[in-house]
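Structural overview
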Amino acid sequence: MRKLGLIGGMSWVSTRTYYERINRIVQRQVGATASAPMLIESLDFSRVYRAQSKEDWENATNVIADSAQRLADAGAEMIVIGANSMHKVYRDVEARVATPILHIAECVGEKMKADGIERAALIGTRNVMTESFYRRRLVSHGVDLLPPDMGYVDELDRIIYEELMLGKATKDAQRSLRSMFTNLQKDGAQAVILACTELQLVVDVDANILPVYDCTGIHADAAAEWIIGE
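Worth saying up front: this structure is predicted, and the values here are computed from it rather than measured.

1. Comments concerning the packing of aromatic side chains
The full count for this structure, using the stated rule, is three aromatic pairs. Centre to centre, the rings of tyrosine 49 and tyrosine 161 are 5.2 Å apart; their planes meet at 90°, and the pair counts as edge-to-face. With a gap of 112 residues between them, tyrosine 49 in the loop between β2 (38-42) and α2 (54-73) and tyrosine 161 in helix α7 (residues 150-162) connect regions that are remote in the sequence. Residue class for tyrosine 49 comes out partly exposed when judged on its relative accessible area of 35%.

2. With respect to the nonpolar core
Within the largest apolar cluster, 50 residues are counted, with the highest numbers of intra-cluster contacts made by Met10, Ile123 and Phe181. Of all elements in the fold, only α2, β3 (78-81), α3 (90-96), β4 (119-124), α7, α8 (171-186) and β6 (191-195) reach the threshold of two or more residues within this core. Tallying contributions element by element places α2 first for this core, with eight residues. Of the residues that make up this core, three or more belong to each of domain 1 (4-103 + 218-228) and domain 2 (105-214). Discounting residues that sit within four places of it in the chain, phenylalanine 181 has contacts with Ile123, Val192, Leu194, Val203, Asn208, Ile209, Leu210 and Val212. Grouped together as the second largest cluster of nonpolar side chains are 38 residues, Ile25, Ala120, Phe133 and Ile228 included.

3. Comments concerning the sheet that holds β3
A sheet is described by the order of its strands in space; here three strands give the open sequence β2-β1-β3, paired in parallel fashion. Here the strands that pair on one side only, and so sit at the sheet edges, are β2 and β3. Across the sheet, the axes of successive neighbouring strands diverge by a mean angle of 20°, strand direction being ignored. Looking at chain direction, strand β1 (residues 4-8) and β3 are connected through four bridges and run parallel.

4. Quick notes on empty space enclosed by the protein
Rolled over the atoms, a probe with the dimensions of a water molecule shows which regions are left empty. Overall, the coordinates contain one cavity of 30 Å³ or more when judged by the stated rule. Lining the largest cavity we find Met10, Ala83, Asn84, Ser85, Thr125, Val128, Met165, Ala195, Cys196, Thr197 and Glu198. Partitioning the lining of the largest cavity into residue classes produces six nonpolar, four polar and one charged. Split by domain, the lining of the largest cavity shows at least three residues from each of two domains, domain 1 (4-103 + 218-228) and domain 2 (105-214).

5. Description of the sheet that holds strand β5 (residues 144-145)
The strand order across the open sheet built from four strands is β5-β4-β6-β7, with neighbouring strands paired in parallel fashion. The sheet is open, and its two edges are formed by β5 and β7 (212-214), each paired on a single side. Here five bridges tie β4 to β6, and the two strands are oriented parallel to one another. Looking at β6, one finds that alanine 120 is bridged to alanine 191. Sheet strands in contact with α8 are β4, β6 and β7, and its direction is about 155° off that of β4.

6. A short note on the pairing of β6
Burial analysis of β6 places five of its five residues in the buried class, which makes it a mostly covered element. On β6, burial covers both faces: Ala191, Ile193 and Ala195 on one face and Val192 and Leu194 on the other are all buried. Here β6 pairs with β7 via three bridges, running parallel. Looking across to β7, one finds that isoleucine 193 is bridged to tyrosine 213.

7. Describing the domain arrangement of the protein chain
For the protein chain, the assigned domains are domain 1 (4-103 + 218-228) and domain 2 (105-214). One C-alpha centre belongs to domain 1, the other to domain 2; they are set 21 Å apart. Between domain 1 and domain 2, the residue contacts involve 24 residues of the former and 28 residues of the latter. When the buried surface of domain 1 facing domain 2 is broken down by residue, Asn84, His103 and Ile218 rank first, second and third, together holding 36% of it. Our count for the contact surface shared by domain 1 and domain 2 stands at two salt bridges. Here lysine 88 ties to glutamate 131 by a salt bridge, and the two come within 2.8 Å at their closest N and O atoms. If you look at where domain 1 meets domain 2, you find 13 residue pairs in polar contact (both at pLDDT 80 or more). Counting residues per element, the ones that place at least two in the side of domain 1 that touches domain 2 are α1 (12-30), α3 and α9 (215-228). In terms of residue count, α1 provides more of the side of domain 1 that touches domain 2 than any other element does, five residues in total.

Procedures and definitions
- Residues numbered from 1 in each chain as written.
- Predicted model: local features only at pLDDT ≥ 70, side-chain atom pairs only at ≥ 80, totals over all residues.
- Heavy atoms only, no water.
- Phe/Tyr/Trp six-rings, centres within 6.5 Å; stacked < 30°, edge-to-face > 60°.
- Helix = DSSP H or I, 4+ residues; strand = E, 2+ residues; numbered from the N terminus.
- Buried < 20%, exposed > 50% of the residue type's maximum accessible area, 1.4 Å probe, protein only.
- Core = buried A, V, L, I, M, F, W, Y, C linked by side-chain atoms within 4.5 Å.
- Domains from an automatic or database assignment.
- Contact = heavy atoms within 4.5 Å.
- Pairing = 2+ DSSP bridges.
- Axes fitted to C-alpha atoms, helices over the stretch in contact; angles between N-to-C directions.
- 1 Å grid on protein atoms, 1.4 Å probe; cavity = no way out; pocket = protein on both sides within 12 Å on 5 of 7 lines; lining within 4 Å.
- Points joined across faces, edges and corners; volume = space filled by probe spheres on them.
- Nonpolar A, V, L, I, M, F, W, Y, C, P; charged D, E, K, R; others polar.
- Buried area = accessible area lost by both parts, 1.4 Å probe.
- Salt bridge = Lys/Arg side-chain N within 4 Å of Asp/Glu carboxyl O.
- Polar contact = N/O pair within 3.5 Å; in protein donor to acceptor, adjacent residues only side chain to side chain.

Below, the structure written as structure tokens:
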């Protein structure tokens, strides 16, 4: 098996999900006693939390790129950034590190294309929902995205940063997401793209009004398959 480098801590909740899911796949496909060869650098999320200004994002680029380089120097043959929003700096980080980086939106777009999904709603943090760095990757795979509803953007940003990233999963948040999904279906969405690594805490990925593309799970699955070499 090949060695993966995971940049985590954004937040630690999602890092746990990556580690568990990747290892369960390896154990299932390789053998009951097998576990994934992984290097994990869990960052202090407060250093990049809620980046907004140009200076904030320059700092985030340096933090992620330095982490990727340390993992590469330690022997990682592929890098995974365990956060959707931090893929805003993907291109800058990719340019500074020789080791390849597995892009989360590319993994999701490929799966949606294979499933024949043509129109979907993207939900996540503010920058993921409203900026082009994530949306264009999905559109390039033939997925037409509903325009972001700014009311949903504000509510999701609050739920993600003030609740989920602190490990809090409330009934109110679950109800809010269910209501959003119902309205998104009325607006013509064939599926919902769960583009935040914490949202699965309040969304039932397997039993919902619409098919849910859990970006964390899809990314982790692709990483596990890479480790195994399939």
